[in-house]
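Structural overview
For reference, the chains in residue letters:
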Amino acid sequence: MNSCIFCSIVSGEQKADVILSEAEYVAFNDIRPKAPVHILIVPKKHIASVAEIKEDDVLLMGQLIDGAKKLAVQAGVENSGYKLVFNVGHGGGQVIDHIHLHLLGGWNNEEHLALNV
Ligand code: AMP
Ligand code: ZN
């Protein structure tokens, strides 16, 4: 039994609101959205976090970002702007130990700019 929730979504064992499925990754809407648009881009390969990526995974990481760019167009936020976030480790806010790229956008005001780093 696989105890990783995102591996279960990748395999289809666990339902999710999947909006894009490519050879190397899937994208689905976050179940508890923190922005009007909140999509998770998740590699099919289980890698626990950015801290665990190996040289062989570098292309895959670029594919996740490329996927996010396409999803931003699909979600209609490419002109208004968006954030791409990897939480790394529990101290970095990571709760699910399977790499995922957060795509956040679609705000109607500028409150989110307080998050700027
Ligand atoms: P992180 O804190 O970076 O590990 O982000 C995990 C994200 O996964 C959170 O934003 C959760 O709301 C989201 N999440 C957890 N379970 C599910 C699920 N079954 N389907 C979609 N999103 C989920
Ligand atoms: Zn996994």
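Look up a bit, the structure's there.
Attention here is on the structure that accompanies the text.

The rules behind each value
- Residues numbered from 1 in each chain as written.
- Chains lettered and ligands numbered in written order.
- Predicted model: local features only at pLDDT ≥ 70, side-chain atom pairs only at ≥ 80, totals over all residues.
- Heavy atoms only, no water.
- Salt bridge = Lys/Arg side-chain N within 4 Å of Asp/Glu carboxyl O.
- Helix = DSSP H or I, 4+ residues; strand = E, 2+ residues; numbered from the N terminus.
- Patch = residues over 30% accessible without salt bridge, like charges linked within 9 Å, V, L, I, M, F, W, Y side chains within 5 Å.
- Areas by Shrake-Rupley, 256 points an atom, 1.4 Å probe, with all protein chains shown as cover.
- Donors = N, O, S within 2.8 Å, 3.2 Å for Na, K, Ca; no water.
- Buried < 20%, exposed > 50% of the residue type's maximum accessible area, 1.4 Å probe, protein only.

1. Brief notes about the pattern of salt bridges
Enumeration over the complete set of coordinates arrives at 4 salt bridges. A salt bridge links Asp57 to Lys45, with the shortest nitrogen-to-oxygen separation between them at 2.5 Å. One end of the pair, Asp57, is in the loop between strand S3 (37-43) and helix H2 (58-75); the other, Lys45, is in the loop between S3 and H2, with 12 residues separating them in the sequence. Here the residues in one salt-bridge network are Asp66, Lys69 and Lys70, joined through shared partners.

2. Section: a nonpolar patch on the surface
Among the surface-exposed residues, Ile65, Tyr82 and Leu84 lie close enough to one another that they form a single nonpolar patch of about 240 Å² accessible area. Here Ile65 is to be found in helix H2.

3. Let's talk about the coordination of the zinc ion (ligand 2)
Around the zinc ion (ligand 2), the donor atoms from the protein are Cys4 (SG), Cys7 (SG), His46 (ND1) and His98 (ND1), and they sit 2.0 to 2.3 Å away. All donors of the zinc ion (ligand 2) come from a single chain, and their spacing in sequence reads C-x2-C-x38-H-x51-H. Taken as a pair, His46 in the loop between S3 and H2 and His98 in the loop between strand S4 (82-85) and strand S5 (101-105) lie far apart in primary sequence, 52 residues in all. Given the relative accessible area of 39%, His46 is considered partly exposed.

No statement about biological role is implied by the geometric values presented.
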